[in-house]
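The chain contents come next:
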Amino acid sequence: MTYPPPSGGWQDPLAAGPQSSPPAVPGQPDPADPYAPGADPYAPGADPYAGAKSPYPPPGGEQYAAPMPGYPGAYPPPGAYPGYAMPASRTNTLAIVALVLSLVGFASCGITAPIGAIMGHVARKQIRETGEEGDGMALAGIIVGWIMTALMLAVIIFYIVMIVIAVGASSTSSTSGY
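Here we summarise the structure given alongside this text. Per chain, residues are indexed from 1 in the order of the written sequence. A pLDDT threshold of at least 70 governs which residues receive local features in this predicted model, and a stricter bar of 80 or more applies before side-chain atom pairs are shown or counted, although totals over entire chains, interfaces and linings include all residues. Only hydrogens and water are set aside when side-chain values are computed; all heavy atoms of the structure are taken into account.

Some thoughts on the overall build of the protein chain
Here is step 1 of the chain: Each helix is a run of H or I in the DSSP string that is no shorter than four residues. Each strand is a run of E no shorter than two, and both are numbered from the N terminus. Helices and strands together make up the secondary structure of the protein chain, namely 3 helices and 0 strands.
Here is step 2 of the chain: Secondary structure of the protein chain in N-to-C order comes out as α-α-α.
Here is step 3 of the chain: Burial statistics for the protein chain: of 178 residues in total, 15% are counted as buried.
Here is step 4 of the chain: Whether two residues are in contact is decided by their heavy atoms: any pair within 4.5 Å suffices. Expressed as a percentage of contacts within the protein chain between residues at least 6 apart in sequence, the contacts between residues at least 24 apart total 47%.
Here is step 5 of the chain: Surface exposure of the protein chain reaches about 14000 Å², of which carbon and sulfur atoms provide 68%. The classification of residues rests on relative accessible area computed with a 1.4 Å probe and restricted to protein chains. Under 20% of the type maximum is buried, over 50% is exposed, and intermediate values are partly exposed. Exposure was quantified through the Shrake-Rupley algorithm and a 1.4 Å probe, taking into account, for residues, occlusion by the shown protein chains and nothing else.

What about a nonpolar patch on the surface?
Here is step 1 of the chain: Each patch groups residues whose relative accessible area exceeds 30% and which form no salt bridge, using 9 Å between like charges and 5 Å between nonpolar side chains of Val, Leu, Ile, Met, Phe, Trp and Tyr. By definition here, a salt bridge exists when the distance from a side-chain nitrogen of Lys or Arg to a carboxyl oxygen of Asp or Glu is within 4 Å. A cluster of nonpolar residues, Val155, Ile157, Phe158, Tyr159, Val161, Met162, Ile163, Ile165 and Val167, forms a patch on the protein surface that exposes about 890 Å² of accessible area.
Here is step 2 of the chain: Along the chain, Val167 falls in helix α3 (residues 135–174).

Considering the packing of aromatic side chains
Here is step 1 of the chain: Ring pairs shown here join Phe, Tyr and Trp side chains whose ring centres sit within 6.5 Å, with only the six-membered ring taken for Trp; geometry is labelled stacked below 30 degrees between planes, edge-to-face above 60, and tilted in between. This model, assessed by the stated rule, comprises 1 aromatic pair.
Here is step 2 of the chain: Taking 6.1 Å as the distance between ring centres and 55° as the angle between the ring planes, the aromatic pair formed by Phe158 and Tyr159 counts as tilted.
Here is step 3 of the chain: Residue classification places Tyr159 among the exposed positions, given a relative accessible area of 52%.

Things to note about the pattern of salt bridges
Here is step 1 of the chain: Counted by the stated rule, this structure contains 2 salt bridges.
Here is step 2 of the chain: For Arg90, the salt bridge is made with Glu132, and the minimal N-O distance between the two is 2.9 Å. Within this pair, whereas Arg90 is found in the segment before α1 (93–104), its partner Glu132 is found in the loop between α2 (113–130) and α3, the two being separated by 42 residues in sequence.
Here is step 3 of the chain: Here Arg124 and Asp135 are joined by a salt bridge, their closest N and O atoms 2.9 Å apart. Linking Arg124 in helix α2 with Asp135 in helix α3, this pair joins segments that are 11 residues apart in sequence.
Here is step 4 of the chain: In this structure Arg124 comes out as partly exposed when scored by relative accessible area, which is 25%.
Here is step 5 of the chain: A relative accessible area of 32% places Asp135 in the partly exposed class.

Thoughts on α2
Here is step 1 of the chain: Across its 18 residues, α2 extends 25 Å between first and last C-alpha, which sits within 8% of the 26 Å expected from 1.5 Å per residue.
Here is step 2 of the chain: Among the residues of α2, Ala113, Pro114, Gly116, Ala117, Gly120, Ala123 and Ile127 are the ones counted as buried.
Here is step 3 of the chain: After α2 finishes, the residue Gly131 shows a positive phi value of roughly 80°. Take the residue count of a helix, subtract one, and multiply by 1.5 Å to get its expected span.

Structural notes on the packing of α1 against α2
Here is step 1 of the chain: For helices, the axis comes from a line fit to the C-alpha atoms of the stretch in contact; other axes are also lines fit to C-alpha atoms, and the angle between any two N-to-C directions lies between 0 and 180 degrees. Where α1 meets α2, the axes come as close as 8 Å, and the angle between the chain directions of the two elements is 160°. Relative to α2, the element α1 lies roughly antiparallel. Judged by the sense of rotation from one axis to the other, the crossing of α1 with α2 is left-handed. Each of Leu94, Ala95, Val97, Ala98, Leu101 and Ser102 in α1 lies in contact with α2, whose residues at this interface are Ala113, Ile115, Gly116, Ala117, Met119, Gly120, Val122, Ala123, Gln126 and Ile127.
Here is step 2 of the chain: When its residues are assigned to classes, the contact of α1 with α2 shows 12 nonpolar, 4 polar and no charged. Any angle that is under 35 degrees is reported as roughly parallel, and any over 145 degrees as roughly antiparallel; angles of 65 to 115 degrees are reported as roughly perpendicular and all others as oblique. Note on convention: near helix rotated counterclockwise from far helix by under a right angle means a left-handed crossing. Clockwise means right-handed. Gly is placed with the polar residues, together with every amino acid not listed as nonpolar (Ala, Val, Leu, Ile, Met, Phe, Trp, Tyr, Cys and Pro) or charged (Asp, Glu, Lys and Arg).

A closer look at the environment of Gly116
Here is step 1 of the chain: Residue placement: Gly116 occurs in helix α2.
Here is step 2 of the chain: Of the residues examined, Gly116 reaches a relative accessible area of 0% and is grouped as buried.
Here is step 3 of the chain: Separated by 21 residues in sequence, Gly116 and Ala95 place their C-alpha atoms 8.9 Å apart.

Okay, structure coming up:
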């Protein structure tokens, strides 16, 4: 089975029979080649940007890092250069505990809230001394803890006042003779 010769003037060296066009003469520009010097840049199929130079350097130029010995490619694998990692920041544990205890104060009717507020003060002192992370959590623990403590005290005072009023009202109503 034989195939017809490809279009575009390409010659199949294995094809038997006459060639569709003569081979190009070495040293002479091919008129069908749009990239040949002296070719018409406005001819159909010609690339008008073939001779333009890019203002950017080609990839792999001198501005890129040379491959490290033993590594294929232009860049070494991650971690090949020690000392460039960000230091791991450590959060103060007491700040976390202060915030958790202050927030648990909502569910425990304010019993753990003053403990969380006090631990928040201690955590902020530790953070200033050691430079750890977690100052915001400690501050939030202080604020939430003292607000919950104030609300708990307000509820306790309200109950005491209501009990005093109830006792006072029951003692005056029992002496009226009913």
